[in-house]
Structures are given as C-alpha cells and as structure tokens.
Amino acid sequence: MNTYILFIVSAVMVVISGTKLAEYGDVIAAKTKLGHSIVGGILIAAATSLPELVTSVTSALIDAPDIAIGNVYGSNTFNIMILALIDILHGQGPLTIKVKMNHILAGMLGVLLSALGAMAILMSQIGGIDFKIGWTSISSFTIFAIYLYGSILILRYENKNQQEEPPEDIDTVDDKGIPLSKAIIGFGLACGIIIWAGMTLSQVGDVIAVQTGLGHTFVGTLLIAATTSLPELVSSIAAIKIGAYDMAVGNVFGSNIFNMLIIVVTDIVYYKGSIFTMINIDHTITAMAGIVLSCIAVIGLFYRSRRTFFTIGWDSVFILVFYVLSIYLIFIS
C-alpha cells in the first residue's frame, strides 16, 4: 500500500513542478528574448528529461540495460503522443496551424538520431558490426557528434528567423510581475523536485511492474517511460493553457532529441561492453514506432491542414491510433 501512496505523491509533485516549469519558462522566454521555441526546446526539454537521464544511468549501473534503453525509446514514443493529447485539450482546431514551422527541423533531427540508434542495435546484433573505443560503441560517439551539430543548426535557424516572425499571442505570466531572478530560481527548484519525483516514480514503478511479472523490456518501454515522461506531459499542458503553443511543441521535440543523448551517457557508464550488443533487439520496434510517430507529427506541421476530426487535427488521430498499435506490438513481442 505504501508503494502506491508514494507513487501517487511523486506523480502529484511532478504535476506541480511541471506546471511551474512552464510558468517560469514563460517569464524567462519573455525577459531574456530567447523566445518560446528555444526555451521550450532546450531549457524545459532538458529539465523534463532529467528523470529519463537519472533512470537510464541508474539502470545501466545496476546492470539493467534493457530498462535503460527501453526508457529512452519508450519516452520518445510517449512524448509524440503528448502532441495528440494537448491537441485534444486545446480543442480549438488543429494545434499544428498555431505553431511555427521551425519545429520541423527539431522533429527531423530527433528522427535522424533515433534511426541511428536503431541502426546501431541492428548492426551489432544481426550484422555483428560494433566498433568500440574502450567499451563504448563508436555509434554512441556518432550520435553525440550529430546531436551537437544538429543543436547548433537549430539555434542558428531560430536566431535567424526570430526577428522575421510576428510576436506570439501569449498570456504571459509576466503580467504577475515575476522578476527574472525569481523565475530562474523557481525554475531551478522545480528541476530539483522533478529529479527527485522522477527517480521515485521510476523506482516505485519498477517495483510495481516486477510484482506483476512483466519483463524488463516491456517495463522500461511502457511503465517507466510513461512515468518519466510525466513532466513533459504536465509542462506541455501548462504551456497550452497560457497559449504558449511553441513552448509546448518545442518541449516535446526537444525532449526527444535530448533523450538520444541519454543513450550516449548510458553506453559510457555501462562498463560491461557496448550497450547495443547487450540489449533486446525488440527495442528496434519501439525505436521505429517513435520514428513513424515523429514523421506523422512533422508531416502535420508541414502540411498544416485545417481539417479536423471533431476538434482535433487528423495528424493527432493517426498518432493516437499508431501509438496504441505500437504498444500492442511491443506487448506481444
């Protein structure tokens, strides 16, 4: 009983902290002129991905590589599903027509990094090809290099287009007179709470999952991935409520990019060898599911159709349907 109570308490702390991240992030975006796309795609994305980082590194250190990698790819698929959920909550037509097309670049970078990770798994386990530096796969260093280069391209693109874009119509929390210093301190405190709550959610979720008899691959991909992605969900919903649509979408795509960096860190700390050779090949199913979901989201951003199914965009409908299908495929694999 105590396990479930701790799970609920941790989830509530994540909800509160995720809401504060969006509020303080809105102030930081307004007062530093960084823009909501950059704040959502970098600051908030990194902060909400901290539970995934801590969980995956801890799993690697305790020799549970399947939970570590399943957490990363599972979080990526869940994050894209968040876009569909906030489209439903938004309820005023397709969400994609209200955000900048700049997010396409971040979305495709996430697809590229996920594909490289999936290819590394397939090459090492089917082709027997896995060059290493020490015990770390060369694929991890490749992912890291492309992550850095892609992040630089995104920042340059955002800076180049920031002055050309019209101002965003956002009900900023700056109207409450929150100073920048308080916003920065509050943002840091919210990050700390999210780290603690995310770690607790992961540990308690693992206990609950083990008691049910589910395997590590399914546990890491579904249960732990969903719990560690709770900060992304909450902060994105909070951003939608204040009209910061670009912050919400940037948070999702930015988190998926940052999650791929977690694979690099996990491979480095997993000293028993290349992590790509030690995990279940079924993770490629989750990786490809995340890639397909990301592509659907990117197509929606590019096409910007105004057609809806009730009040949500058709891209959100396809995301929800394919997410449910991917969960079924993971369960039966």
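Scroll up to find the structure this text is about.
This report concerns the structure included in the present document. Quick caveat: nothing in here was measured; it's all calculated off a predicted structure.

Quick notes on the overall build of the protein chain
For step 1, the next point in the chain: What the protein chain contains, in helices and strands, is 13 helices and four strands.
For step 2, the next point in the chain: Put simply, the protein chain has 333 residues, and 54% of those count as buried.
For step 3, the next point in the chain: Considering only intrachain contacts with a sequence separation of at least 6, the fraction spanning at least 24 residues in the protein chain is 86%.
For step 4, the next point in the chain: Of the roughly 14500 Å² that the protein chain leaves accessible, carbon and sulfur atoms contribute 70%.

A closer look at unusual backbone geometry
As a rule of thumb, non-glycine residues mostly have phi less than zero, and peptide bonds are mostly trans rather than cis.
For step 1, the next point in the chain: Its identity as a non-glycine residue notwithstanding, Arg 304 has a phi of 55 degrees, on the positive side.
For step 2, the next point in the chain: For Arg 304, the position within the fold is in the loop between helix H12 (283-303) and strand E3 (308-309).
For step 3, the next point in the chain: By relative accessible area, Arg 304 is classed as partly exposed at 25%.

Points about the environment of Ser 17
For step 1, the next point in the chain: Inspection of the secondary structure assignment puts Ser 17 in helix H1 (residues 2-32).
For step 2, the next point in the chain: Residue classification places Ser 17 among the buried residues on the basis of a relative accessible area of 3%.
For step 3, the next point in the chain: With 175 residues separating them in the primary sequence, Ser 17 and Gly 192 have C-alpha atoms 9.0 Å apart.
For step 4, the next point in the chain: Discounting chain neighbours no more than four positions away, the residues touching Ser 17 are Ala 190, Ile 193 and Ile 194.

Quick word on the pattern of salt bridges
For step 1, the next point in the chain: As enumerated under the stated definition, the model contains one salt bridge in all.
For step 2, the next point in the chain: The shortest N-O distance in the salt bridge between Lys 272 and Asp 63 comes to 2.8 Å. Of the two residues, Lys 272 sits in the loop between helix H10 (245-269) and helix H11 (275-278) while Asp 63 sits in the loop between helix H3 (50-61) and helix H4 (65-90), which places them 209 residues apart along the sequence.
For step 3, the next point in the chain: In this structure Asp 63 comes out as partly exposed when scored by relative accessible area, which is 37%.

Here we look at the packing of aromatic side chains
For step 1, the next point in the chain: Within this structure, the stated rule accounts for four aromatic pairs.
For step 2, the next point in the chain: Summarising the aromatic geometry, the rings of Trp 314 and Phe 318 are spaced 6.1 Å apart at their centres and angled 40 degrees between planes, so their arrangement reads as tilted. Placement of both Trp 314 and Phe 318 in helix H13 (residues 314-332) is noted, with a separation of four residues, approximately one turn of the helix.
For step 3, the next point in the chain: Exposure remark for Trp 314: the relative accessible area of 39% places this residue in the partly exposed category.

Side note on empty space enclosed by the protein
For step 1, the next point in the chain: Summed over the entire model, instances satisfying the criterion amount to two cavities of 30 Å³ or more.
For step 2, the next point in the chain: Here the largest cavity is characterised by a volume of approximately 100 Å³.
For step 3, the next point in the chain: Along its surface, the largest cavity is lined by 13 residues, and Leu 83, Leu 95, Thr 96, Ala 297 and Asp 315 are the ones closest to its centre.
For step 4, the next point in the chain: Counting only elements with at least two residues in the lining of the largest cavity, the list comes to H4, H10, H12 and H13.
For step 5, the next point in the chain: Its residues assigned to classes, the lining of the largest cavity comprises nine nonpolar, two polar and two charged.
For step 6, the next point in the chain: Considered as a void within the structure, the second largest cavity measures approximately 60 Å³ in volume.
For step 7, the next point in the chain: Surrounding the second largest cavity, Asn 76, Ile 80, Ala 106, Gly 107, Gly 110, Val 111, Ser 114, Phe 253, Asn 256, Gly 290, Ile 291 and Ser 294 form its lining.
For step 8, the next point in the chain: Those elements that provide at least two residues to the lining of the second largest cavity are H4, helix H5 (103-125), H10 and H12.

Some details on the nonpolar core
Side chains of a nonpolar character, in soluble globular proteins, are inclined to be buried together.
For step 1, the next point in the chain: Membership of the largest hydrophobic core comes to 67 residues, with the highest contact counts inside it found for Ile 80, Leu 83, Phe 187 and Phe 253.
For step 2, the next point in the chain: Top contributing element to this core by residue count: H10, with 13 residues.

With respect to the packing of H4 against helix H9 (residues 230-241)
For step 1, the next point in the chain: The geometry of H4 relative to H9 is characterised by a closest axis approach of 10 Å and an angle of 30 degrees between their N-to-C directions. Considering how the two elements wind past one another, H4 and H9 form a crossing that is right-handed. Within the contact between the two elements, H4 uses Asn 79, Ile 82, Leu 85, Ile 86, Leu 89 and His 90 and H9 uses Glu 232, Leu 233, Ser 236, Ile 237 and Ile 240.
For step 2, the next point in the chain: When grouped by side-chain class, the residues that make up the contact of H4 with H9 number seven nonpolar, three polar and one charged.

Some details on the side chain of Asp 267
For step 1, the next point in the chain: Tracing the backbone through its elements, the reader meets Asp 267 in helix H10.
For step 2, the next point in the chain: Lacking a salt bridge, the buried Asp 267 has Lys 132 as its closest oppositely charged neighbour, with an N-O distance of 9.1 Å.
For step 3, the next point in the chain: A polar contact is formed between the side chain of Asp 267 and the side chain of Ser 140, at a distance of 2.6 Å.
For step 4, the next point in the chain: Here the side chain of Asp 267 touches Ile 275 through a polar contact of 3.0 Å, landing on its backbone nitrogen.
For step 5, the next point in the chain: Leaving out residues up to four positions away in the same chain, Asp 267 has contacts with Trp 135, Thr 136, Ser 137, Ser 140, Gly 273, Ser 274, Ile 275 and Phe 276.

Basis of the calculations
Residues numbered from 1 in each chain as written. Predicted model: local features only at pLDDT ≥ 70, side-chain atom pairs only at ≥ 80, totals over all residues. Heavy atoms only, no water. Helix = DSSP H or I, 4+ residues; strand = E, 2+ residues; numbered from the N terminus. Buried < 20%, exposed > 50% of the residue type's maximum accessible area, 1.4 Å probe, protein only. Contact = heavy atoms within 4.5 Å. Areas by Shrake-Rupley, 256 points an atom, 1.4 Å probe, with all protein chains shown as cover. Salt bridge = Lys/Arg side-chain N within 4 Å of Asp/Glu carboxyl O. Phe/Tyr/Trp six-rings, centres within 6.5 Å; stacked < 30°, edge-to-face > 60°. 1 Å grid on protein atoms, 1.4 Å probe; cavity = no way out; pocket = protein on both sides within 12 Å on 5 of 7 lines; lining within 4 Å. Points joined across faces, edges and corners; volume = space filled by probe spheres on them. Nonpolar A, V, L, I, M, F, W, Y, C, P; charged D, E, K, R; others polar. Core = buried A, V, L, I, M, F, W, Y, C linked by side-chain atoms within 4.5 Å. Axes fitted to C-alpha atoms, helices over the stretch in contact; angles between N-to-C directions. Left-handed = near helix turned anticlockwise from the far one by under 90°. Lys, Arg positive; Asp, Glu negative; His and termini not counted. Polar contact = N/O pair within 3.5 Å; in protein donor to acceptor, adjacent residues only side chain to side chain.

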